There are 2 protein chains.
Amino acid sequence: MTDNLFYQNPLVFPSCHVKRSHFFLRTQQGGAKQYAIYNNMLLSTTFQSIADDCRHLKQYVQLWDVSGQRQVEIKGRDAAKLVQYMTPRNIGKCAVGQCMYALLCDKDGGIVNDPVIIKLKEDHFWLSIANSDVELWARGLALGGGYDVEVAMPDVSPIAVQGPKSDDLLEKIFGKMVRAIRPFRFEYVPFMGHNFLLARSGWSKQGGFEIYVDNPTIGLKLWDEIMHIGKDFNIHLGSPNLIERITSGLLSYRSDMDLTTNPFEAGLEKFCDIDGDHDYFAKTALQNIKRQKNGVQRQIRPLKFDSEIPTCSIPWQVFADKDNHNGKQVGRVTSATTSHETGGGIAIAMIDSTHWQVGTRLMVETPDGLKTASVTSFPIQ
Amino acid sequence: MTDNLFYQNPLVFPSCHVKRSHFFLRTQQGGAKQYAIYNNMLLSTTFQSIADDCRHLKQYVQLWDVSGQRQVEIKGRDAAKLVQYMTPRNIGKCAVGQCMYALLCDKDGGIVNDPVIIKLKEDHFWLSIANSDVELWARGLALGGGYDVEVAMPDVSPIAVQGPKSDDLLEKIFGKMVRAIRPFRFEYVPFMGHNFLLARSGWSKQGGFEIYVDNPTIGLKLWDEIMHIGKDFNIHLGSPNLIERITSGLLSYRSDMDLTTNPFEAGLEKFCDIDGDHDYFAKTALQNIKRQKNGVQRQIRPLKFDSEIPTCSIPWQVFADKDNHNGKQVGRVTSATTSHETGGGIAIAMIDSTHWQVGTRLMVETPDGLKTASVTSFPIQ
């Protein structure tokens, strides 16, 4: 086993490389213990503990600073055309006022990012991005291909209201209309004279909304109002929760998938219209992968451990059960922690086809030594 | 003044988002206190203190893990053409075996990155990058524009040997030939049966080399050998040093410049062949900026403070001396700390043309309150 120093959580060197969000002081004052670095911004993660935050999220309501989920704005005459080329999902079906979870793929099918595409106007989109530089990707495509678009990253910072009491809380602030917003739709809601884009979306399976703050001064007042009115609903500060998202099967870009992963391996082909009439950069590659006799050779699978495990900060090797751990590697864990719900470790792993059947027993090399686990299915129970 | 919590150095949440380098355990064991997040990797920064590390670097020799300086590999029939389009510098003058510091610019002249371009073969380049995703930028350009190239990010991790004793040390390991390597040239040097690319380059003004480790197993043995032989030269582990690089005028991408900065504003036009015969994406934009009657309206300037200051982790506003600090803002500080050499604060700032003359007195809003400073020139003395 490697030296424990290897797994120590590092302290961030003070520099302007990494940006603080408009809500950073609020999350600091609220007791944020650790930060993810997400699109070069500090994204608060843990307040009480991962388990306590998860328990609370599932029962009440939380306010999250997810400013690191930046907006890449693509607008202009060729905007719809370029955005369509970027994703295998048919966005011809996306109406103004709608949001669509979509994969962006390079020509070989590798996943560049998995944003929510927000259609503001017919020729104006925000890609609300996961953790990779879609701005440079889109600028490169536009410049190389001569698309008539403007690509920018405006100062728009999402805050999320998540949990079962989200509708009750936001009704008190914005009125009854919030209940009528359908999943992955948005409306503009007034607050102190400013209209905020409010979408029923968010990176949990507990329900809720995201508010796209394009005015930080009024946005801070809105933050404080949500916390004030939220007292009646036992609101806490929170964040995307590791236990909740592993259990639910929400994949994290750059941990669970990256440019070397295709949509089939990620188990996300249901968000692709591989054989649609629309053109997109990855079309030939993804059609070829789909038609391969044996399909993909590895795929994302959830694992359930027999015992507790630490939180994963570097990919862990997965071995077939009966082999020595120096023997055949059949996958790797990319997200993992201990769940208070199962009483043991839970993980997201990329597993070879030979060992991906539900129930298959595996051995995982963790910082605490070899641990046994079984392949299961989402949601982990 | 804002709450001190605002300036606290955050702890990184454990996840696979941020990668550990092959040398991470070595830097942890060596006492690295803080890490920059650089191209989504942990880059060790401080060992003793910024000042002690600086003193040592200028007198002896240090080994740095700069794996975060990733290589973006561009190869294929159109490689030289695409790399030339990406930069205003005329790379037609770059020979195989040569390295060239160059700016990459978007079509409006905004700086995308400032890599060292390493010409491995006529049709094979590494862009040894600063902190932005040049891989996605180059992939986007190649896919959009139909260039016949392969773009990848191979597992090549630079380690740097920096300081006045660098030649003495590396001669003992690789032989006399290291002394003959000219600045920004490279040779392949054998170690334990593997040939490593060794360049006379590095992110300090103290002289030294960078070794591009493309075999981590042998690379770790080389690391240990350098530390072993280096004992005779009082070697320490080190890192790019904040005092040394501010004093020298080495700009840090994403802190001191970004997509909104052009080469003239950054004071880096000497690395551009604006009016050369070669074509590049930013040519029209940069020629227009060059020909504007008044030139740029702001430019990078070093500042020297009258007293000590903290290390800058969020841009500080700069005000004209005689105005109230709520009055006219004339710039912002993007890198700053206290120097043991000047006895006070030193900084890199972007200053409006009205206030950029050497000797101009300015007021800077720091976390410790308003501080007075003067515009000076590089190197700061």
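See above for the structure.
A brief look at the structure comes next. Since we're looking at a predicted model, the values are computed, not measured.

A full pass over the atoms with the stated rule returns 14 aromatic pairs over all chains. For the pair B:Trp126 and B:Tyr212, a centre-to-centre distance of 6.0 Å together with 35 degrees between the ring planes defines the contact as tilted. Here B:Tyr212 lies in strand 14 (residues 208-213) and B:Trp126 lies in strand 9 (residues 124-128), a separation of 86 residues in the sequence. Note on accessibility: B:Trp126 and B:Tyr212 belong to one class, buried. Aromatic ring contacts, followed pair by pair, group A:Tyr85, A:Tyr147 and A:Phe281 into a single cluster.

Once that is clear, we can look at the packing of helix 5 (residues 166-174) of chain B against helix 7 (residues 216-230) of chain B. Residue and element names in this part refer to chain B. Contact geometry of helix 5 with helix 7 gives a least axis separation of 10 Å together with a crossing angle of 120 degrees. Overall, the two elements helix 5 and helix 7 adopt an arrangement that is oblique. Considering the relative orientation of helix 5 and helix 7, their crossing is right-handed. Residue-level contacts link Leu169, Lys172, Ile173 and Phe174 of helix 5 to Leu222, Glu225, Ile226, Ile229 and Gly230 of helix 7.

Right, let's get into empty space enclosed by the protein. All names here are of chain B. Going through the model one piece at a time under the given rule, you end up with four cavities of 30 Å³ or more. Of the voids in this model, the largest cavity is the one considered here, and its volume is about 70 Å³. Lining the largest cavity, in full, are Ser255, Asp256, Met257, Asp258, Thr260, Thr261, Arg298, Arg332, Thr334 and Met350. Tallied by class, residues from the lining of the largest cavity come to two nonpolar, four polar and four charged.

Every α-helix winds through 3.6 residues per turn, so residues three or four apart in the chain are directed the same way. Residue and element names in this part refer to chain A. With seven of its nine residues buried, helix 5 (residues 166-174) lies for the most part within the structure. Buried within helix 5 we find Ser166, Asp167, Leu169, Leu170, Glu171, Ile173 and Phe174. Buried residues along helix 5 sit in contact with strand 11 (157-162), helix 6 (177-180), strand 12 (186-191), strand 13 (194-199), strand 14 (208-213) and helix 7 (216-230). Where helix 5 terminates, the next one or two residues include Gly175, which has phi positive at roughly 95 degrees.

All right, on to helix 7 of chain B then. Residues and elements named next belong to chain B. For helix 7, spanning 15 residues, the distance from its first C-alpha to its last is 20 Å, which sits close to the expected 21 Å at 1.5 Å a residue. Of all the residues in helix 7, the buried ones are Ile218, Gly219, Leu222, Trp223, Ile226, Ile229 and Gly230. Projected onto a plane normal to the axis of helix 7, the buried residues spread over an arc of 150 degrees and lie on a single side. The N-cap residue of helix 7 is Asn215: its side-chain oxygen and the backbone nitrogen of Thr217 are 3.2 Å apart.

Residues and elements named next belong to chain B. Ordered by their spatial adjacency, five strands build an open sheet running 5-8-9-4-10, and the pairing between neighbours is antiparallel. Of all the strands in the sheet, the pair left with one neighbour each is strand 5 (99-101) and strand 10 (150-152). Averaged over all pairs of adjacent strands, the angle between strand axes in this sheet comes to 20 degrees, irrespective of strand direction. Of the pairings in the sheet, the one linking strand 4 (residues 71-75) to strand 9 comprises five bridges and is antiparallel in character. Directly across from Gln71, in strand 9, lies its bridge partner Ser128.

In this complex, chain B contributes 62 residues to the contact, which on the side of chain A involves 62 residues. When the buried area of chain B at its contact with chain A is split by residue, B:Phe13, B:His17 and B:Arg20 rank highest and sum to 13% of it. Summed over the shared surface of chain B and chain A, the number is two salt bridges. A salt bridge links A:Asp106 to B:Arg139; the nearest nitrogen and oxygen atoms lie 2.5 Å apart. Put simply, the parts of the chain that give the side of chain B that touches chain A at least two residues each are helix 1 (24-29), strand 1 (34-38), strand 2 (41-46) and helix 4 (134-145) of chain B.

Here we come to the environment of B:Arg254. One can find B:Arg254 in the loop between helix 8 (242-248) and helix 9 (283-291). Classification of B:Arg254 as buried rests on a relative accessible area of 15%. Along the chain, B:Arg254 and B:Val112 lie 142 residues apart, while their C-alpha atoms are 9.4 Å from each other. In this structure B:Arg254 touches A:Cys16, A:His17, A:Lys19, A:Asn40, A:Asp133, B:Asn131 and B:Ser132, once residues within four positions along its chain are discounted. Among the polar contacts made by the side chain of B:Arg254, one reaches the main-chain carbonyl oxygen of B:Asn131 at a distance of 2.9 Å.

Residues and elements named next belong to chain B. Mapped onto the elements of the fold, Thr376 is located in the segment after strand 21 (369-375). When its relative accessible area of 16% is taken as the criterion, Thr376 is described as buried. Distance in space between the C-alpha atoms of Thr376 and Arg301 is 7.1 Å, their sequence separation being 75 residues. Ignoring anything within four residues of it in the chain, the contact list for Thr376 reads Arg301, Pro302, Leu303, Lys304 and Val358.

What follows is about unusual backbone geometry. Residue and element names in this part refer to chain A. Omega for the bond connecting Phe378 with Pro379 falls within 30 degrees of zero, at -10 degrees, which places this linkage in the cis form. One can find Pro379 in the segment after strand 21 (369-375). Its identity as a non-glycine residue notwithstanding, Met192 has a phi of 50 degrees, on the positive side. Under the relative-accessibility criterion, Met192 is labelled exposed at 52%.

What follows covers the relation of the copies chain B and chain A. The transformation that overlays chain B on chain A combines an axial shift of 0.0 Å with a rotation of 180 degrees, and the residual RMSD is 0.0 Å. Expressed as a symmetry operation, the mapping of one chain copy onto the other fits a two-fold axis. By residue overlap, the copies meet face to face through one surface: 100% of the interface positions of chain B are interface positions in chain A.

Residues and elements named next belong to chain B. A large share of strand 8 (residues 116-121) lies buried, amounting to five of its six residues. Pairing between strand 5 and strand 8: three bridges, direction antiparallel. Of the residues in strand 8, the one forming a bridge with Tyr101 is Val116. Here strand 8 folds back onto strand 9, and the loop between the two strands holds two residues.

The next thing to look at is the side chain of A:His278. Residue and element names in this part refer to chain A. Residue position: His278 is located in the loop between helix 8 (242-248) and helix 9 (283-291). Relative accessible area serves as the criterion here: at 9%, His278 is assigned to the buried category. From its side chain, His278 meets the backbone oxygen of Asp273 in a polar contact 3.4 Å long. If sequence neighbours within four positions are ignored, His278 has contacts with Gln84, Thr87, Pro88, Arg89, Asn90, Asp273 and Lys283.

Residues and elements named next belong to chain A. Taken together, the five strands give an open sheet; going across it, the order is 5-8-9-4-10, and neighbouring strands pair in antiparallel fashion. With partners counted over all chains shown, the strands left at the sheet margins are strand 5 (99-101) and strand 10 (150-152), one partner each. When the angles between neighbouring strand axes are averaged without regard to direction, this sheet yields 20 degrees. Examined bridge by bridge, strand 4 (residues 71-75) and strand 10 share three bridges and lie antiparallel to one another. Residue Glu73 lies in a different strand from strand 10, and its bridge partner there is Ala152. The strands touched by helix 4 (residues 134-145) within the sheet are strand 4, strand 9 (124-128) and strand 10, with strand 10 carrying the most contacts at an inclination of about 165 degrees.

All names here are of chain A. Inspection of the secondary structure puts Leu120 in strand 8 (residues 116-121). For the pair Leu120 and Pro367, spaced 247 residues apart in the sequence, the C-alpha separation amounts to 46 Å. Excluding its chain neighbours within four sequence positions, the residues that come into contact with Leu120 are Val96, Trp126, Phe186, Tyr188 and Leu197.

Our focus in this paragraph is the pattern of salt bridges. One pass over the structure, following the stated rule, counts 37 salt bridges over all chains. A salt bridge links B:Arg179 to B:Asp168; its shortest N-O distance comes to 2.8 Å. You can see B:Arg179 sitting in helix 6 (residues 177-180) and its partner B:Asp168 sitting in helix 5, a full 11 residues away along the chain. Note that B:Arg179 and B:Glu171 form a salt bridge whose closest N and O atoms lie 2.6 Å from each other. Under the relative-accessibility criterion, B:Arg179 is labelled partly exposed at 41%. Salt bridges linked by common partners bring A:Asp168, A:Glu171, A:Lys176 and A:Arg179 together as one network.

Procedures and definitions
- Residues numbered from 1 in each chain as written.
- Chains lettered and ligands numbered in written order.
- Predicted model: local features only at pLDDT ≥ 70, side-chain atom pairs only at ≥ 80, totals over all residues.
- Heavy atoms only, no water.
- Phe/Tyr/Trp six-rings, centres within 6.5 Å; stacked < 30°, edge-to-face > 60°.
- Helix = DSSP H or I, 4+ residues; strand = E, 2+ residues; numbered from the N terminus.
- Buried < 20%, exposed > 50% of the residue type's maximum accessible area, 1.4 Å probe, protein only.
- Axes fitted to C-alpha atoms, helices over the stretch in contact; angles between N-to-C directions.
- Parallel < 35°, antiparallel > 145°, perpendicular 65-115°, else oblique.
- Left-handed = near helix turned anticlockwise from the far one by under 90°.
- Contact = heavy atoms within 4.5 Å.
- 1 Å grid on protein atoms, 1.4 Å probe; cavity = no way out; pocket = protein on both sides within 12 Å on 5 of 7 lines; lining within 4 Å.
- Points joined across faces, edges and corners; volume = space filled by probe spheres on them.
- Nonpolar A, V, L, I, M, F, W, Y, C, P; charged D, E, K, R; others polar.
- Expected span 1.5 Å × (residues − 1).
- Arc of directions from axis to C-beta.
- Polar contact = N/O pair within 3.5 Å; in protein donor to acceptor, adjacent residues only side chain to side chain.
- Pairing = 2+ DSSP bridges.
- Buried area = accessible area lost by both parts, 1.4 Å probe.
- Salt bridge = Lys/Arg side-chain N within 4 Å of Asp/Glu carboxyl O.
- Least-squares fit on C-alpha atoms with pLDDT ≥ 70 in both.

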